[in-house]
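So the chains spell out like this:
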Amino acid sequence: MLNGLRVLDLSRILAGPWCTQLLADYGADVLKIEKPGSGDDTRHWGPPFLCGADGDAVAAYFLCCNRGKRSLALDFTTRDGQDILRRLAADADVLVENFLPGTLARYGLNADSLCALNPGLVYCSITGFGQDGPNASRAGYDAMIQAEAGLMSLTGAAGGEPMKVGIAVSDLMCGMYASSAILAALHERTRTGRGSRLDLALFDCQVAWLANQGMNYLVGGEVPSRHGSAHPNIAPYQAFATADGHLMLAVGNDDQFRRFCAAAALPELAGDARFSSNAARVAARDALSDAIGARLAVATTQEWLDRLAAAGVPAGPVNDLAAVFAHSQVHARGLHVEQPHPRWGSVPQIANPLRRDAQPQLAPLPPPALGEHSDTVLAELGFDAAARADLRARGVIGGSTVAES
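Everything in this summary refers to the structure shown in the same document. Remember, it's a predicted structure, so these values are computed and weren't measured experimentally. Every chain's residues receive numbers from 1 upward, in the order its sequence appears when written. Two thresholds apply to this predicted model, a pLDDT of at least 70 for residue-level local features and 80 or more for giving and counting side-chain atom pairs, whereas whole-chain, interface and lining totals are computed over all residues. With hydrogens and water excluded, all non-hydrogen atoms of the structure serve as input to the side-chain values.

Looking only at helices and strands, the chain features 18 helices and 16 strands. For the chain, the spread of C-alpha atoms along the principal axes amounts to about 85 × 50 × 40 Å. Taking all 405 residues of the chain together, 45% fall into the buried category. Any two residues having at least one pair of non-hydrogen atoms within 4.5 Å are treated as being in contact. The long-range fraction of contacts in the chain, counting pairs at least 24 apart against all pairs at least 6 apart in sequence, stands at 68%. This count recognises Lys and Arg as positive and Asp and Glu as negative, with His and chain-terminal groups excluded. By convention, charge coordinates are those of NZ in Lys, CZ in Arg, CG in Asp, or CD in Glu. Side-chain charges in the chain split into 33 positive and 42 negative, and the spacing between the mean points of these groups amounts to 3 Å. Each helix is a run of H or I in the DSSP string that is no shorter than four residues. Each strand is a run of E no shorter than two, and both are numbered from the N terminus. Residue exposure (1.4 Å probe, protein chains only): buried if accessible area is under 20% of the type maximum, exposed if over 50%, otherwise partly exposed.

Further remarks concern the nonpolar core. Ranked by size, the top nonpolar core spans 29 residues in total, and within it Val-94, Cys-124, Ile-126, Ile-182 and Leu-200 carry the most contacts. Residues within four places of Leu-200 in sequence aside, it is in contact with Cys-124, Ser-125, Ile-126, Thr-127, Cys-174, Tyr-177, Ala-178 and Cys-205. We call a set of buried Ala, Val, Leu, Ile, Met, Phe, Trp, Tyr and Cys residues a nonpolar core when their side-chain atoms join them within 4.5 Å. Core analysis: the second largest hydrophobic core is formed by 28 residues, Leu-31, Leu-74, Ala-89 and Val-377 among them.

Here we take up a nonpolar patch on the surface. Candidates for patches are residues over 30% relative accessible area with no salt bridge; among them, like charges are joined within 9 Å and nonpolar side chains (Val, Leu, Ile, Met, Phe, Trp, Tyr) within 5 Å. Accessible surface is estimated by sampling points in the Shrake-Rupley manner with a 1.4 Å probe; for residues, cover comes only from the protein chains shown. Within this document, salt bridges are pairs made up of a side-chain nitrogen of Lys or Arg and a carboxyl oxygen of Asp or Glu, the two lying within 4 Å of each other. On the surface, Met-215, Tyr-217, Leu-218, Val-219 and Val-223 cluster together into a nonpolar patch covering about 570 Å² of accessible area. Topologically, Tyr-217 is positioned in helix α9 (residues 211-220). With relative accessibility at 40%, the residue Tyr-217 sits in the partly exposed group.

Here the focus is the state of the cysteines. The disulfide criterion used throughout: a pair of cysteine sulfur atoms within 2.5 Å. Considering all chains together, one arrives at zero disulfides under this definition. Cysteine Cys-19 shares no disulfide, and the gap to the nearest cysteine sulfur, in Cys-124, comes to 5.6 Å. With a relative accessible area of 0%, Cys-19 lands in the buried category. You can see Cys-65 has no disulfide; the closest cysteine sulfur is in Cys-64, sitting 4.0 Å from it. Overall, the relative accessible area of 0% leaves Cys-65 in the buried class.

The full count for this structure, using the stated rule, is 20 salt bridges. Here Asp-80 makes a salt bridge to Arg-394, at a shortest N to O gap of 2.8 Å. With Asp-80 in helix α3 (residues 79-90) and Arg-394 in the loop between α18 (385-393) and β16 (397-398), the pair connects residues that are 314 residues apart, well separated along the chain. Judged by its relative accessible area of 27%, Asp-80 is partly exposed. The salt bridge partner of Arg-138 is Glu-148, with a shortest N-O separation of 3.0 Å. Placement of the pair is Arg-138 in the loop between β7 (122-127) and α5 (142-148) and Glu-148 in helix α5, with a sequence separation of ten residues. For Arg-138, a relative accessible area of 30% corresponds to the partly exposed category.

So, on to the environment of Ser-71. The residue Ser-71 is located in strand β5 (residues 69-74) in this model. Counting along the chain gives 32 residues from Ser-71 to Gly-39, while the straight-line C-alpha distance between them is 9.3 Å. Residues contacting Ser-71, with those up to four places away along its chain left out, are Leu-31, Lys-32, Glu-34, Arg-43, Pro-368, Ala-369, Leu-370, Gly-371, Glu-372, His-373 and Ser-374. Any pair of nitrogen or oxygen atoms within 3.5 Å is treated as a polar contact; in protein, a donor-acceptor pairing is required on top of that, and neighbouring residues in sequence qualify only through side-chain atoms on both sides. A polar contact of 2.8 Å, which involves the side chain of Ser-71, links it to the backbone nitrogen of Gly-371.

Here we come to the sheet that holds β5. Across a sheet, strands are paired by hydrogen bonds formed along the backbone, either parallel or antiparallel in direction. The strand order across the open sheet built from seven strands is β8-β7-β6-β1-β2-β5-β16, with neighbouring strands paired in mixed fashion. At either end of the open sheet lies a strand with only one pairing partner, and these are β8 (197-201) and β16. Pairing analysis gives four bridges linking strand β6 (residues 94-97) to β7, with the strands arranged parallel. Its bridge partner lying in β7, Val-96 is registered against Cys-124. Every axis in this analysis is a line fitted to C-alpha atoms, fitted for helices over the stretch in contact. Angles between the N-to-C directions lie between 0 and 180 degrees. In this fold helix α1 (residues 15-25) packs onto β1 (6-10), β2 (29-34), β5, β6 and β7, with an angle of close to 160° to the strand it touches most, β1. The pairing criterion is simple: DSSP has to find at least two bridges between the two strands.

With that out of the way, let us pick up the packing of α1 against helix α7 (residues 169-192). Interhelical geometry of α1 versus α7 gives an angle of 45° and a closest axis separation of 7 Å. Relative to α7, α1 is oriented oblique. For the pair α1 and α7, the crossing hand works out as right-handed. Each of Ala-15, Trp-18, Cys-19, Leu-22 and Leu-23 in α1 lies in contact with α7, whose residues at this interface are Asp-171, Leu-172, Cys-174, Gly-175, Met-176, Ala-178, Ser-179, Ile-182 and Leu-183. In the scheme used here, Gly and all other residues not listed as nonpolar or charged are polar, with Ala, Val, Leu, Ile, Met, Phe, Trp, Tyr, Cys and Pro taken as nonpolar and Asp, Glu, Lys and Arg as charged. When its residues are assigned to classes, the contact of α1 with α7 shows eleven nonpolar, two polar and one charged. Put simply, angles under 35 degrees are roughly parallel, angles over 145 are roughly antiparallel, angles from 65 to 115 are roughly perpendicular, and the rest are oblique. Here a crossing is called left-handed whenever its near helix is offset anticlockwise from the far helix by less than a right angle, and right-handed whenever the offset is clockwise.

If you walk across this open sheet you meet the three strands as β9-β10-β11, and the pairing is antiparallel. The open sheet has two edge strands, β9 (237-241) and β11 (315-317), and neither has a second partner. Along the sheet, successive strands turn relative to each other by an average axial angle of 25°, direction set aside. The pairing of β9 with strand β10 (residues 246-250) spans five bridges and is antiparallel.

On their own, these measurements won't tell you what the molecule is for.
Structural data, given as structure tokens:
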């Protein structure tokens, strides 16, 4: 879909790399620019590590968000490194970076400089708090954004401590917003011929997808509280203990509630005025949950799932990740794949969930070793072997000498 599109990825950690991995899965040629010697911080965020035969190790964290990219280890704090990056930017369609505002301006690599060089460039900046405002100079990491932008206040057991979500969702959602914004800017470029300067902030994205909870506050005027696995606007819609585990019950309307009561042999609940509508059930949430919880505890998770499925009541098991990756649907949909790499052997990947015309969308390149493609990229720019060796000797470029994939 994006074949022929060239993307410079100057981002690190998760939000930016997640964005550019999506673009790679859709066919873009993504060139990841990394610091010689250390590379992206997440290469070292482990254990666990995937180890090659020569002892080279890379963290699973890095592998989750850098599929489909070529790696150029380039020191752009040097004049030669800046010149190389400008040459790459002059022929690029998209640049994604996540440095603090003002950092890249010190090297002449900011949006003003590179968009003047290449007016068609879509320059996407991802930061913690955006390019302006009182917090623009602050660094942002997912957990602190989950806290400061309100998500942790909504997450956790009722009456318990606030908790972060178990996945870095603020980073991931910012990366998703960034990828869709880039695609919109590229579409606009087909009409105007000009690129765009995109400003994405983790904080802004997290506030934006407070979604129904944010609107609950803005409309109702009450600060939402934590409900554990329960839904603030729907009941019964939460996890319940069974005789051997837990299941998530997701009753979305009054008809489903009546069918649940019949399947669970709880006719008294269906006839109770306190539970006659969703609004009533939300108001009487505690009494309803107590009654359902006592009933579901008498049979196993699978027994309840079979009964509820037969009645057309939405429910699912609370699986750990071993159960998830053993799930028949994961296998049927090809969500766990393996990609060969000359250094690390077989690299496990979680597939892009999109299918286009019944075909999966997955970049063919595995996550790269640091600087794996440095020589190839510079050769494409016209640097001969002697010039590349000189740049390597002076530390301008670096990285692996693994046979390139």
